[in-house]
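# Chain and residue survey
So the chains spell out like this:
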Amino acid sequence: MPKDTGIGASSKRREDVRFLTGNGRYTDDINIYGQTYVHFLRSDVAHGRITSIDTSAAESMPGVVRVFTGKDFEGIGGLPCGWLVTDKHGQPMKEPAHPVLAQGKVRHVGDPIAAVVAESLAEARDAAEAIMVDIEELPAVVDMKKALESGASKVHDDLADNLCFDWGFVEENREAVDNAIANSAHVTTLELVNNRLVANPMEPRVAVGEYNRSDDMSTLHTTSQNPHVIRLLMGAFVLGIPEHKLRVVAPDVGGGFGTKIFHYAEEAFCTFASRQVQRPVKWTSTRSEAFMSDAQGRDHVTKIELGLDADNNFTALRCLTYANMGAYLSTFASCTPTWLHGTLLAGNYKTPLIYTNVKAVFTNTVPVDAYRGAGRPEATFQIERVIDKAARELGVDPIKLRRQNFITEFPYATPVAVEYDTGDYVATMDKLEEIADIAGFAARRAESEKNGKLRGLGVNCYIEACGIAPSKLVGQLGARAGLYDAATVRVNATGSISVMVGAHSHGQGHETAFPQVVAEMLGIPEDQIDIVHGDTSKIPFGMGTYGSRSLAVCGSAMVRATEKIINKAKKIAAHLMEASEADIELKNGQFTVAGTDKSVAWGDVTLAAYVPHNYPLEDIEPGLEETAFYDPSNFTYPSGAYCCELELDPETGKVTIERFSAADDFGNIINPMIVSGQVHGGIAQGIGQALLENCAYDPETGQLLSASYMDYAMPRADDVPFYAVDHSCQTPCTHNPLGVKGCGEAGAIGSPPAVINAVLDALNSGGHKVEHINMPATPSRVWAAMQG
Amino acid sequence: MAKVAMKVNGKSVSREVEGRTLLVQFLREDLRLTGTHVGCDTSQCGACLVHVNGEAVKSCTMFAAEADGAEVTTIEAMANDDGSLNTVQQAFQDYHGLQCGFCTPGMVMSATALLKDNPKPSEREIREYLQGNICRCTGYHNIIKAIMAASGQDVASVAAE
């Protein structure tokens, strides 16, 4: 019987009411008295030297308050990178300056050159047209391998070349891996591209900077997944504003998918400029600007080799990846292709030896950083594609080959430095075979073939590492921040509760799911509990939401704080009932003395805490408010198995997904409805990557070719099917109090290989000997592959 | 500047606006009806969808001046008179048809327009109708279910959880 409240209930989302009635409050809905508007003049060339900027005409245009250029930011810090990667020679990565407004050079289409602050947006735009900029165009580097050739045009003049770092992992294993591959009975080699994507949350980025002379306080309202991270980076590294004089507010945020983690130039600009012009400054990105200024995702070019012994056991895995950084290092750009990628290369399999080399490259393109999954989809795609290719080469069933090599005993220490605490890959594969009706596929294929269509089925597994932690470890790996989170549980006198959390909800439903946990622990109704998030002046210092960490890390902090509340409340209840604290039990919102009929209600205890007339003041303080910081001891490891079944029209190359099934193990689940929704959305993004989406640059000029929804194919309702998702396989996480693992990225990690494996299955079933097809598998690519 | 007058959510309004003012800017900035959103600048995403004289219109594709004399309905006027969610809105909540909420006003306005013309749309008809509304969060699964449920159709038989 499904529960209707507390942990495990599909409670309807309370935030929906405001969103459904037009009462959400997104950053662009914020208008402050006296506000000005900024428009950024952006580079229309990918690479060039700025020889002159003349703003005089613009300055005299109607409504113009002030025009800013790079000169105004001399002596002010650049945008920092939050993760220092050390290369295989022990050298630190190259960290070129990332100015707020271009200084001397422009390095990608969209690089901001100047900013006009004006009374209205229209006036700011008009005046930006009047700025005269002379740019001496330089050759653009777009292709990563060409960027590393000697004599290639340099993105950053002060660096020796375009190589950011050359990372080896695990470097000590390199020779052993080489030997194992050389001695394997069979080696499958695959070269592939993980296509560049644009995250495209439906709400474009917005920043409103506000400076208050009366208390010297700067406030930034911004579309962020992590307001404290922005406060830390912008205050300490860019603008030099002490934290107590800087407030960052991220109200309702319309989707993030990673690209709203990072600290952006426009945020620093609006905060800085509001102080300069002594008025609020507002910037609202257009979608066209978003395509050339939001950090983009993926963009790996990889060669992977899998060794197998004569019995088809995996012996070793070796991969060489070129990872595109774009023109500058975005906030977490360096950790995505390294620690979030290399550590996942064991996947679900007991491959004993693994080595990866990652060359991170600067190019004249928009910076690349974490996008839903961040490194883990890239790792999964390589592993699951090369396994499928191996199965085809060896003539064995791809599911059987996977099952044979599954990790089956936990905890399991991988050869890539992580330890999986729990999992049951056999169970999720069994579940997948059931919900995808794999047994019935042959009949469905026969039916498709009768209609002149090819039908393919593709399967893959995935493992994810969520809730990046512990801080001590990530610090050793180069993180420049801790990765704990925090929660304050404030119980009010009448018993209602505000929980201030460091996590940020931008679609994940925290306002509903987090109270379910507290309600379960205290036995009071969910609607007595509210979540407060997104404002550094209200919440404890938390690290925000990304990497599927909210519940596993911040939720754990909330549990710890609630436990402290319960402990104190029991002391108060014991005093009120003149009983021993050890005998007090809390159930259904009532404190009772074990073995007696004595009880006091939750509200009686909370009232006593704030009106302490009859209260043990000599032992405990009045009030009922507790904070906990939680630093996990390990990542969490959700896992699963996905299946895509599709029809392919051999006349046109068009692929239609007929069925998509996902069997996930997320450990314990708080709200199954929300979890399913997260998986649905991730799958659509994965299908988008596999079949539709591609961020393309002209290889010669570096012009962004897919710069709007006219050219960048977002998945639409008729591009995707209904999905069958199941999360009944549950191996709870062993090291956090809720036993939860995280579910936000699974869909986007687990789906692209299933789709491509299915496309190849369809093609091969039609007699087309196609070994690989790069994403997105558009009709033209599929058709071309069929022509040999 | 041009004077425009129209009825928005049943209330007569008039303002002086620049000729280039889009209907969506007029709604958001002049009338402060911020429930209607702007998600793109090429009339692709549908976050700005409203009803003009009962027809679904992307309010970024129309000048405010073109709506002079029209009756405009936005998401702010969709709830029942007592403030409770109407049938379509309630179905979106019941079936988890929204996550971040940004595309949602456009989705609700689009779904409402569809159901007016086609009271019992099939799954395929709903998917095709929603081509002009992009959602990045839900993968559309629960939006389709919500619209089927709002039209009184049996949802459990067509799609799993």
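Residues numbered from 1 in each chain as written. Chains lettered and ligands numbered in written order. Predicted model: local features only at pLDDT ≥ 70, side-chain atom pairs only at ≥ 80, totals over all residues.

### Observations regarding the sheet that holds strand E20 (residues 497–501) of chain A
All names here are of chain A.
- The 4 strands are arranged E21-E20-E19-E25 in an open sheet whose pairing can be described as mixed. Edge positions in the sheet fall to strand E21 (529–532) and strand E25 (625–630), since each of these pairs with one other strand and no more. Along the sheet, successive strands turn relative to each other by an average axial angle of 15 degrees, direction set aside.
- Note: E20 against E21, 4 bridges, orientation parallel. Directly across from Met500, in E21, lies its bridge partner Val532.
- Helix H15 (residues 550–576) contacts strand E19 (485–491), E20 and E25 of the sheet and is inclined by roughly 35 degrees relative to E19. (Pairing = 2+ DSSP bridges. Helix = DSSP H or I, 4+ residues; strand = E, 2+ residues; numbered from the N terminus. Axes fitted to C-alpha atoms, helices over the stretch in contact; angles between N-to-C directions. Contact = placed C-beta atoms within 7 Å.)

### Regarding the packing of helix H2 (residues 87–94) of chain B against helix H3 (residues 104–117) of chain B
Residues and elements named next belong to chain B.
- The contact between H2 and H3 brings their axes to 10 Å, and the two run at 125 degrees. Classed by the angle they form, the pair H2 and H3 counts as oblique. Note that H2 runs across H3; the crossing there is right-handed. When H2 is examined against H3, the residues Val88, Gln89 and Phe92 are found in contact with a partner set consisting of Thr104, Val108, Ala111 and Thr112.
- Grouping the constituent residues of the contact of H2 with H3 by class yields 4 nonpolar, 3 polar and no charged. (Parallel < 35°, antiparallel > 145°, perpendicular 65-115°, else oblique. Left-handed = near helix turned anticlockwise from the far one by under 90°. Nonpolar A, V, L, I, M, F, W, Y, C, P; charged D, E, K, R; others polar.)

### A word on the domain arrangement of chain B
Residues and elements named next belong to chain B.
- Looking at chain B, the domain boundaries give domain 1 (2–76) and domain 2 (87–150).
- Counting from both sides, the interface comprises 14 residues of domain 1 and, opposite them, 11 residues of domain 2.
- Here the side of domain 1 that touches domain 2 takes 3 residues from strand E3 (residues 49–52), the largest share from any one element. (Domains from an automatic or database assignment.)

### As for the sheet that holds strand E1 (residues 2–8) of chain B
All names here are of chain B.
- If you walk across this open sheet you meet the 5 strands as E2-E1-E5-E3-E4, and the pairing is mixed. Looking at the sheet topology across the chains shown, the edges are occupied by strand E2 (11–17) and strand E4 (55–58). When the angles between neighbouring strand axes are averaged without regard to direction, this sheet yields 40 degrees.
- Bridging between E3 and E4 involves 4 bridges; their strand directions are antiparallel. Following the sheet pairing, Val52 is matched in E4 by Glu55.
- Taken strand by strand, H3 contacts E3 and E4, and its axis lies near 40 degrees from that of E3.

### Some words on the packing of helix H9 (residues 376–394) of chain A against helix H18 (residues 746–765) of chain A
All names here are of chain A.
- Two elements in contact, H9 and H18, have axes separated by 8 Å at closest approach and are oriented at 30 degrees. Here H18 runs roughly parallel to H9, going by the angle between their axes. Where H9 crosses over H18, the two elements pack in a sense that is right-handed. Residue-level inspection shows Arg376, Pro377, Thr380, Phe381, Glu384, Arg385 and Asp388 of H9 in contact with H18, the latter providing Ala748, Ile749, Gly750, Pro752, Pro753, Ile756 and Asn757.
- Counted by class, the contact of H9 with H18 contains 7 nonpolar, 3 polar and 4 charged residues.

### A look at the environment of Ile261 of chain A
Residue and element names in this part refer to chain A.
- Along the chain, the position of Ile261 falls in the loop between strand E11 (246–249) and helix H7 (265–277).
- By the C-beta count within 10 Å, which is 27 here, Ile261 ends up buried.
- C-alpha of Ile261 to C-alpha of Gly544: the two residues are 283 residues apart in sequence and 8.3 Å apart in space. (Buried ≥ 20, exposed ≤ 12 C-beta atoms within 10 Å, placed from the backbone.)

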